[in-house]
Structures are given as structure tokens and as C-alpha cells.
Amino acid sequence: MDFKLLGFVALLLLLLLLGSSCCGGQNLVPGYYKETCPAAEAIVRYNVEAAVVKRPRLAASLIRLHFHDCFVMGCDGSLLLDRKGQMQSEKDAFPNANSLHGFEVVDKIKSDLEQACPSTVSCADILAIAARDAVVLRGGPRWEVLVGRKDSLNASIDAANDLLPSPNSTLKELTDNFKQQGLGIKDLVALSGAHTLGKARCSSFNGRLHDLLKAQTNDKYQRHTTFLQTLSSICPKNDQELAPLDLQTPARFDNQYYLNILEGRGLLGSDDVLVSEKDGVVMGLVWAYALDEELFFREFAKSMIKMGNNNVLMGSQGEVRKDCRFVNIP
């Protein structure tokens, strides 16, 4: 028996196995651009900071771009593609249309990176790094972003319509949705904490506001009076007005979100279901994060890394776009 030949075959099979699993996200690494673009993260950070100082709301917007990219076909930058020819843009999907912001920040980052190190840093990686930096700038945790993603060659408006969570989702719908992304209950509760930042249109929670106002008439303790008065003053008639997702500390990334929902002051229906449906595991996590901000920060960072590894393109898959809005011209 030729043991050398058997050893070679075993090594070849191992390499093939590793290669076939590389693009599920396990082989993203820190420092991927250390040699090819050492200033990459500094360029992203500088631009995110400049944008957030000028328009604080953009911190939440940049985090949301990363979420909405990863939940459709994986973290591949498909969200950034503009409509062109037969390809529709995910930006025009119902959950995204006239709702997402921050694309111009990504454009500026990409332009600066192309000057520093052309055709090197992917748009998908820009989204992942920018989301982390936005969290840090608002007082949240810092984590090491694993990089090495490639950009997709197409987008899917249908997948965006089907897979992005609705602001009125039930707990089961949220759980099933996150499961499709390879994320569990702990990830769902931790990542929901991103709603400590940002704003929502009145149209996305008017139904919940109506139900709360109706319930308030039968509440002799009038527990939510100030909360409801504030929302009613923001959303008297115009569905397009914006209200902070966290009325208590709207500009700071903290664990106030969990305290809010425990007190019945979650803005969206999908926030409220974490407590109103009284799931023991979910409620336990909500209480844990409400009582321990450091724990929330650790779990949020872990879940962001896990989500960021979702169905990424690597190696020969995809490309590094020169302009995040369009695929490269052959």
C-alpha cells in the first residue's frame, strides 16, 4: 500500500473540504488589509466620524445599512447597488424605500479608499467596519471586524421584500426570520438593542400607538401618559414624521432600550413583542441586558460578528467594486 499516495489524497480532500466551506463566512479574518491597504480602517473611521458629527442620525443609519445588507443574500454589499438595466435595486424594496440613509457616506469612504488602494477594499467590508465605528462613536462597544468579503454581482428586491423583518412582526415571525439568517434567540434579543439609536416614521408604529391610546382609557394608573403624549404630539396627523426609537437616550448607544420595553415604552410592535408575548427565554435575556449594560455590549458585539459572517462571498466569488453603486464593467 502506498502510504505517501494515501496521505496526499487525504490532504487534497481536506483542502477541498476547507475550500468548499470558506464562503460560508468561517474564514473571514481580522487584519485582512494589513498589507494591501493598511489605512483602510482609519479611512472608514475618519469618514464615519465626520458624517456622524455633522448629522448624528447617520450613526443609526450606517448600522441599519449593514443589517439590511446581511439579511438579504448575506453580507455582500448587494444593498448598495443602484437600479440598472434589468436589475432592480434592493433600495426600492418596501422596507427600504425612502427609509435608508447613509449611502453618500459609503460613497465617500469608497472614493477615498480607491485613491489610497484601488480595487482592494470591498463595499461589503466597508458596511461592516462603518457599522462598528458608528456604534463606538455613540458610546457602544468596540469589536474586531472580520474582513475579506467580496461584493455581489447582483441584487434581489424580491428577497429584500421577503426577508427583512417588519416593524409589526410577531415574536414567532422574528424568530423564524433570524433563524433563516443562522441567528438564534440570543442574537435576536441582542441585535434588537440597536434600536437604542435611530428614528422611525409614524407610519411604522401608528397601529401600536392607537392600541396603546385605547388601552390607556381603561388604565386607572395611567402608566404611559407621558410616553403617549410625546408620541401623539410627534404624530398628530402626518405619517411621515419621525420619532426616536428610544425617547430616553436617543443619541447614546446603551441598554436603555431594554428598560423601555420592560416598562411598555417600546416604539415598534416588533420591540414590544419581546416582552408582551411573555416568552420565558426572551424575557430572561431582556431582563439580563436591562440590568447589565456590559453584558449587553458583549453579546451585541458577538452577534454583530456572527451576523457579519452570514453567507459572505470570498475568494473568486463576487468582486471588489470600484463604485459601490454599480458592478464593475468587464
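Just so it is clear, the model here is predicted, and its values are computed rather than measured. (Residues numbered from 1 in each chain as written. Predicted model: local features only at pLDDT ≥ 70, side-chain atom pairs only at ≥ 80, totals over all residues. Heavy atoms only, no water.)

*Asks:* In this structure, what is going on with unusual backbone geometry? I would like to understand it.
*Replies:* Both trends apply: most residues other than glycine have a negative phi, and most peptide bonds are in trans. At Ser119, a residue that is not glycine, the phi angle is positive and equals roughly 55°. Of note, Lys278 is a non-glycine position whose phi angle comes to about 55°, a positive value. As for its placement among the helices and strands, Lys278 is situated in the loop between helix H12 (269-276) and helix H13 (280-291). (Helix = DSSP H or I, 4+ residues; strand = E, 2+ residues; numbered from the N terminus.)

*Asks:* Whenever I open this one, the state of the cysteines confuses me. Can you help?
*Replies:* Think of a disulfide as a covalent bridge from one cysteine sulfur atom to another cysteine sulfur atom. As enumerated under the stated definition, the model contains 3 disulfides in all. Disulfide pairing is shown between Cys37 and Cys117; the S-S distance is 1.8 Å. Separated by 80 residues along the polypeptide, Cys37 in the loop between helix H1 (3-21) and helix H2 (40-54) and Cys117 in the loop between helix H4 (103-116) and helix H5 (123-137) bring together distant segments of the chain. Relative accessible area serves as the criterion here: at 3%, Cys37 is assigned to the buried category. The residue that forms a disulfide with Cys70 is Cys75, at a sulfur-sulfur distance of 2.0 Å. Taking the sign of the torsion about the S-S bond as the criterion, the disulfide between Cys70 and Cys75, at about 120°, is right-handed. Classification of Cys70 by relative accessible area gives buried; the value is 0%. (Disulfide = S-S within 2.5 Å. Buried < 20%, exposed > 50% of the residue type's maximum accessible area, 1.4 Å probe, protein only.)

*Asks:* Help me understand the pattern of salt bridges in this model?
*Replies:* Charged atoms that come close allow side chains of opposite charge to pair. With the rule as written, the count across this model stands at 14 salt bridges. For the salt bridge of Arg132 with Glu41, the shortest nitrogen-to-oxygen distance reads 2.8 Å. Of this pair, Arg132 sits in helix H5 while Glu41 is found in helix H2, placing the two residues 91 residues apart along the sequence. The salt bridge partner of Arg265 is Glu263, with a shortest N-O separation of 1.7 Å. Take Arg265: its relative accessible area is 17%, and that puts it in the buried class. (Salt bridge = Lys/Arg side-chain N within 4 Å of Asp/Glu carboxyl O.)

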